[in-house]
Amino acid sequence: MHEYQCPGCGRRGMVGDPGRVAEPCGRCAAVATWEALPLDTQRAIDEAIEVGAVPAVAAMHFADPPIRMPHSLDVLQFRLRAREQERR
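Rules used in this analysis
- Residues numbered from 1 in each chain as written.
- Predicted model: local features only at pLDDT ≥ 70, side-chain atom pairs only at ≥ 80, totals over all residues.
- Heavy atoms only, no water.
- Salt bridge = Lys/Arg side-chain N within 4 Å of Asp/Glu carboxyl O.
- Helix = DSSP H or I, 4+ residues; strand = E, 2+ residues; numbered from the N terminus.
- Buried < 20%, exposed > 50% of the residue type's maximum accessible area, 1.4 Å probe, protein only.
- Contact = heavy atoms within 4.5 Å.
- Core = buried A, V, L, I, M, F, W, Y, C linked by side-chain atoms within 4.5 Å.
- Axes fitted to C-alpha atoms, helices over the stretch in contact; angles between N-to-C directions.
- Parallel < 35°, antiparallel > 145°, perpendicular 65-115°, else oblique.
- Nonpolar A, V, L, I, M, F, W, Y, C, P; charged D, E, K, R; others polar.

1. Side note on the pattern of salt bridges
Across all of its chains, the model carries six salt bridges by this definition. One salt bridge connects D46 with R83, and the closest N-O pair in it is separated by 3.7 Å. Of this pair, D46 sits in helix α2 (residues 39-51) while R83 is found in helix α4 (residues 71-87), placing the two residues 37 residues apart along the sequence. Given the relative accessible area of 11%, R83 is considered buried. When salt bridges that share partners are traced, they join D46, E50, R79, R83 and R87 into one network.

This is the structure:
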């Protein structure tokens, strides 16, 4: 295992692959992915999240560009937390 610090948020952790040491953490990568998506794709994914986790991951899989597993789970978690914050 290799010690790691996210270049985006500074969060510390451990990674097994030394090539991932310079990459952003899952949360920072999810935020960047979400912000890079077209607005209509964001809306489609948010609508799928209303139905459930499986439809949301499927919507990400068929998005253009596609968001594949396991990264789609990071994006799903990011959106669930963001939606929770929006409701407060």
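2. Digging into helix α1 (residues 26-36)
Taken together, the buried positions of α1 are occupied by C28, A29, A30, V31 and W34. Summarising the contacts, the buried residues of α1 are in contact with α2 and α4.

3. As for the nonpolar core
With 14 residues, the main nonpolar core has W34, I45, A56, M60, I67, V75 and L76 as its most contacted residues. Looking at this core, the elements that each hand over two or more residues are α1, α2, α3 (53-61) and α4. Apart from residues no more than four positions distant in its own chain, I45 is found in contact with W34, L37, A59, M60 and I67.

4. Concerning the environment of V21
Along the chain, V21 turns up in the loop between β2 (12-15) and α1. Residue V21 is classed as partly exposed on the basis of its relative accessible area, which comes to 32%. When the C-alpha positions of V21 and P65 are compared, they lie 25 Å apart, and in sequence the two are 44 residues distant. Leave out the neighbours within four places in its chain, and V21 touches H2, E3, Y4, Q5 and V15.

5. Topic: unusual backbone geometry
Cis geometry marks the peptide bond from D64 to P65, where omega comes out at 5°. Considering the arrangement of structural elements, one finds P65 in the loop between α3 and α4. Note that the residue after M69, namely P70, is joined by a cis bond; omega there is -5°.

6. Here we look at the packing of α2 against α3
In the contact formed by α2 and α3, the axes pass within 6 Å of each other and the chain directions differ by 155°. As the angle between them shows, α2 and α3 are arranged roughly antiparallel. Residues I45, A48, I49 and V51 of α2 form the contact with α3, whose participating residues are P55, A56, A59 and M60. The class makeup of the residues in the contact of α2 with α3 is eight nonpolar, no polar and no charged.

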